[in-house]
Amino acid sequence: MKKIILIGILFVFLFLGFAEGNQEGFNVPSISPNIKSIKVRLNTPLILSSSNIKIITIKKTPIAFKPFNYSFFKITKDQIITLENGNKITGEEFLKEINDIEKKLNDYGYSLRDKEEEIVIQRILIKREDLEMQRKLMHSITPFATFEPVQKEEPLKEFKDYNFSRKWELPLGDDNFNINIFANLEMKGREDQVLTNAYALAEARVLGRKAELIKIEADLNSARNSNNDAKLNVYILGNKEYSKNFNVSYSLKENLKYDVDWGFPITAPVGPFSITGIFGIRGGIILELNSKLDSLNCSIGVKPSIDTKAFAEVGIDYKVASAGMGGELTILKDSLELGGSLGLVLQDPIYNSFFDISAFGRNSLNALSGDLYFFVKVNYLVGSKKFKAQIYEWDGFSYEYSLFNYSLNEPVYKDKTIWLVVKDIRGITPYTARNEKINISSKRFYVEAEIGGEIFSTVIPDRNGDGIADSNWLLKIPLSSKNTKVPIKIRVIQEYSMRSLNFKNNLDILKGEGKDLDFVLDLNTNTLSGSINGQIERDYICKGDTNYFGERYHSITVKLTESAFTPAPAQAQ
């Protein structure tokens, strides 16, 4: 691979150090010749220092400088020396460089005369406690709806629009190395059209610089009068690499493959030395993409698979030394599957018409795992020394989860109404069960109800930051007497901060296995069965048996009623 030649006379000497190999013990992701390669180089260099990153330098007591002489190495001033890395140098140049290196090492308390052959001289601070906390909580990150239901009066036995929304986000890592996976699926059904929208994004940040690995946008609209429209766009490293538009009945299936090479100029310290070159991310991205557009029916499926690692090409401006990177760091290895299909199936009589719905989401992830370091290796004829600057060292995140999976037929004409009341939410608080203070600040609650295949949601603020909801939720639910058994699932997600980290976690409001309320409403008997058992028209206080930080158990009060009313505010009850 061609080396990146940096501007300036200094860098002419710098790259002489590459001859030894700058990826020692490092499995660099290869670039396949038969796959489209996308290469991006940022222009602004990163000058790594203690002012922009927390660097721990392992210094010892400085020692007095004692220069080497020709006799120590058994060389002469004019002798031409061939070094281990292939560089040729005169005895005079060799001694000058060796003494310059020795003096720098002496200031740090080290010497080329030391017995150790490998020395870790520097580390970047990794907040392992924060990473461990993220790993503990990541499995409770749950997809949630992204819109507020519109509460409006509608005549019974009239067409009822259908809305489905699932949003999922997984940010992991620290300020230096982090990734973010985001996915969103929305489906909307109207009397004369259906719409399916999918969005997926994978980003990675290394040493504070962000790379948008892949972004997928899919918008499909199918109308009764054949006024169809579909737009599919794929961006790799911020560049639009695929685009497809069509407005007729159409089936599409694509398998797209890309090799990615993204990086930026870097200057970094390794103890008393300075190395310069390119640092970044390399790997491969595969995208399986399929969609179908027909009259009052549209579907989309996306499956991006990402496999990326960190890489570096660096050098040092000494002939007697070389620089490189060692170890291996997986930035992101991820496989996301996201799909949705919505069709309006018209029947005779029209009141038997229904929406045919399916949606699924799955994700498998391995990220930010491995060991990575810069090194400077000094070859001084009678021996060699390697000085290492640890960049990253942690065993990373691993995650495999079914995000959601739905398949059902939902009647489009409604002839019944029931009301859902959600109140008295108590989540993660700043206190343990023993009243010990925890460094937690609650922000808001996302309350979600899946009812008969449709998803309703609202956001309730926590203005006091104490883990107690400030208000209640009153939801009008249109139902069809054709479906007498109505499945209902209620989920509460709390957003809060702890130290410098932000989290969204699924609260446990159910004893035993599971966290969400999951029950069935029988319209014939007005009874509930499942995680709630009994008649409607009464309050049910539901409490879980799991907490995250020793806080009090989470709880919620729910009620189903045939009469509309406005409950008093929570603080007045």
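Basis of the calculations
- Residues numbered from 1 in each chain as written.
- Predicted model: local features only at pLDDT ≥ 70, side-chain atom pairs only at ≥ 80, totals over all residues.
- Heavy atoms only, no water.
- Helix = DSSP H or I, 4+ residues; strand = E, 2+ residues; numbered from the N terminus.
- Buried < 20%, exposed > 50% of the residue type's maximum accessible area, 1.4 Å probe, protein only.
- Contact = heavy atoms within 4.5 Å.
- Areas by Shrake-Rupley, 256 points an atom, 1.4 Å probe, with all protein chains shown as cover.
- Pairing = 2+ DSSP bridges.
- Axes fitted to C-alpha atoms, helices over the stretch in contact; angles between N-to-C directions.
- Patch = residues over 30% accessible without salt bridge, like charges linked within 9 Å, V, L, I, M, F, W, Y side chains within 5 Å.
- Salt bridge = Lys/Arg side-chain N within 4 Å of Asp/Glu carboxyl O.
- 1 Å grid on protein atoms, 1.4 Å probe; cavity = no way out; pocket = protein on both sides within 12 Å on 5 of 7 lines; lining within 4 Å.
- Points joined across faces, edges and corners; volume = space filled by probe spheres on them.
- Expected span 1.5 Å × (residues − 1).
- Arc of directions from axis to C-beta.
- Lys, Arg positive; Asp, Glu negative; His and termini not counted.
- Polar contact = N/O pair within 3.5 Å; in protein donor to acceptor, adjacent residues only side chain to side chain.
- Core = buried A, V, L, I, M, F, W, Y, C linked by side-chain atoms within 4.5 Å.
- Phe/Tyr/Trp six-rings, centres within 6.5 Å; stacked < 30°, edge-to-face > 60°.
- Lys NZ or Arg CZ within 6 Å of the ring centre and 35° of its normal.
- pLDDT = per-residue confidence, 0-100.

### Comments concerning the overall build of the protein
No. 1: Helix and strand content of the protein: four helices and 32 strands.
No. 2: Taking all 573 residues of the protein together, 54% fall into the buried category.
No. 3: Expressed as a percentage of contacts within the protein between residues at least 6 apart in sequence, the contacts between residues at least 24 apart total 69%.
No. 4: Total accessible area on the protein stands at roughly 25,400 Å², and carbon and sulfur atoms take up 48% of it.

### A closer look at the sheet that holds strand S32 (residues 555-561)
No. 1: One open sheet accounts for four strands, arranged S25-S22-S32-S31; its pairing is antiparallel. Since the sheet does not close on itself, it has two edges, and those belong to strand S25 (473-479) and strand S31 (540-543), each with one partner. Along the sheet, successive strands turn relative to each other by an average axial angle of 25 degrees, direction set aside.
No. 2: In the sheet, S31 pairs with S32 via four bridges, with the strands oriented antiparallel. The partner of Tyr 540 across the bridge, within S32, is Val 558.

### Side note on a nonpolar patch on the surface
No. 1: Where nonpolar side chains cluster on the molecular surface, the patch consists of Ile 56, Ile 58 and Leu 125 and spans about 210 Å² of accessible area.
No. 2: Examined against the element boundaries, Ile 58 turns out to sit in the loop between strand S3 (55-57) and helix H2 (70-73).

### Side note on empty space enclosed by the protein
No. 1: Counting across every chain of the model gives four cavities of 30 Å³ or more.
No. 2: Each pocket or cavity is described by its volume, and for the largest cavity that value is around 50 Å³.
No. 3: Contributing to the lining of the largest cavity are Ile 181, Ala 200, Leu 201, Ala 202, Ile 214, Ile 216, Pro 304, Ile 306, Asp 334 and Leu 336.
No. 4: Listed by contribution, the elements that provide at least two residues to the lining of the largest cavity are strand S10 (193-206), strand S11 (209-223), strand S16 (297-315) and strand S17 (321-345).
No. 5: Broken down by element, the lining of the largest cavity gets its largest block of residues, three residues, from S10.

### Concerning helix H3 (residues 91-107)
No. 1: The end-to-end C-alpha separation of H3 is 25 Å, in line with the 24 Å expected for 17 residues at 1.5 Å each.
No. 2: By the burial criterion, the buried members of H3 are Gly 91, Phe 94, Leu 95, Glu 97, Ile 98, Asn 99, Ile 101, Glu 102, Leu 105 and Asn 106.
No. 3: Next to the buried residues of H3 lie H2, strand S4 (80-82), strand S5 (88-90), strand S15 (273-294), strand S18 (354-379) and strand S19 (384-394).
No. 4: Directly beyond the C-terminal end of H3, a positive phi value near 90 degrees is found at Gly 109.

### A word on helix H4 (residues 128-137)
No. 1: Within H4, the full set of buried residues consists of Asp 130, Leu 131, Met 133, Gln 134 and Leu 137. Along H4, the residues classed as buried sweep out an arc of 160 degrees about the axis, all on the same side. Exposed and facing more than 90 degrees away from the buried side of H4 are Glu 129 and Lys 136.
No. 2: In this structure, the buried side of H4 is in contact with strand S8 (162-173), S19, strand S20 (397-411), strand S26 (485-498) and strand S27 (501-506).

### As for the pattern of salt bridges
No. 1: Under the criterion given, the structure shown has 25 salt bridges.
No. 2: Here Asp 261 and Arg 41 are joined by a salt bridge, their closest N and O atoms 3.0 Å apart. Taken as a pair, Asp 261 in strand S14 (residues 250-270) and Arg 41 in strand S1 (residues 36-41) lie far apart in primary sequence, 220 residues in all.
No. 3: Judged by its relative accessible area of 5%, Asp 261 falls in the buried class.
No. 4: Owing to a relative accessible area of 22%, Arg 41 belongs among the partly exposed residues under this scheme.
No. 5: Glu 118 serves as the salt-bridge partner of Lys 388, at 3.7 Å between the closest nitrogen and oxygen. Taken as a pair, Lys 388 in strand S19 and Glu 118 in strand S6 (residues 118-124) lie far apart in primary sequence, 270 residues in all.
No. 6: The class of Glu 118 is partly exposed, set by a relative accessible area of 49%.

### Considering the side chain of Asp 174
No. 1: Here Asp 174 is to be found in the loop between S8 and strand S9 (177-189).
No. 2: The buried charged residue Asp 174 lacks any salt bridge, with Lys 127 as its nearest oppositely charged partner at 7.8 Å.
No. 3: A distance of 3.0 Å separates the side chain of Asp 174 from the backbone nitrogen of Asn 176, its partner in a polar contact.
No. 4: Residues in contact with Asp 174, not counting those within four places in the same chain, are Ile 126, Lys 127 and Leu 131.

### Quick word on the pairing of strand S22 (residues 416-426)
No. 1: Sheet topology note: the S22/S25 ladder contains seven bridges and is antiparallel. Paired with Leu 420 across the bridge in S25 is Leu 475.
No. 2: Relative to S32, S22 is paired through six bridges, and the arrangement is antiparallel. Looking at S32, one finds that Trp 419 is bridged to Thr 561.

### Focus on the nonpolar core
No. 1: Leu 207, Phe 279 and Phe 374 are the most contacted members of the largest nonpolar core, which totals 119 residues.
No. 2: Ignoring anything within four residues of it in the chain, the contact list for Leu 207 reads Leu 46, Leu 48, Ile 53, Ile 124, Asn 176, Phe 177, Phe 264, Ile 266, Phe 279 and Ile 391.
No. 3: Grouped together as the second largest cluster of nonpolar side chains are 45 residues, Ile 490, Tyr 496, Leu 521 and Leu 528 included.

### Details of the packing of aromatic side chains
What characterises a pair of aromatic rings is the spacing of the ring centres plus the angle enclosed by the ring planes.
No. 1: Within the structure shown, the criterion is met by 23 aromatic pairs.
No. 2: Between the aromatic rings of Phe 164 and Tyr 406, the centroid separation amounts to 5.3 Å while the plane-to-plane angle is 80 degrees, which identifies the pairing as edge-to-face. Taken together, the residues Phe 164 in strand S8 and Tyr 406 in strand S20 connect sequence positions 242 residues apart.
No. 3: Residue classification places Phe 164 among the buried positions, given a relative accessible area of 1%.
No. 4: Within the aromatic cluster, the residues linked to one another by ring pairs are Phe 159, Tyr 162, Tyr 351, Phe 355 and Tyr 413.
No. 5: One cation-aromatic arrangement involves Lys 59 over Tyr 108; the distance from NZ or CZ to the ring centre is 4.6 Å.

### Focus on the sheet that holds S10
No. 1: Judged by pairing direction, the sheet is antiparallel, and its six strands sit side by side in the order S8-S9-S10-S11-S12-S13 without closing on themselves. Among the strands making up the open sheet, the edge pair consists of S8 and strand S13 (239-246). Taken over all neighbouring pairs, the strand axes of this sheet differ in orientation by 5 degrees on average, direction set aside.
No. 2: Strand direction decides the pairing type here: S11 and strand S12 (residues 229-236), joined by eight bridges, are antiparallel. Residue pairing for S12: Ala 218 is matched across the bridge by Leu 232.

### Brief notes about the confidence of the model for the protein
No. 1: Per-chain confidence: the protein averages 86 in pLDDT, with 89% of residues scoring 70 or above.
No. 2: Counted against residues more than four places away or in other chains, residues 1-21, with its pLDDT under 50, gives 39 contacts.
No. 3: In the model, residues 566-573 has pLDDT below 50 throughout and makes 14 contacts with residues more than four positions away in sequence or in other chains.

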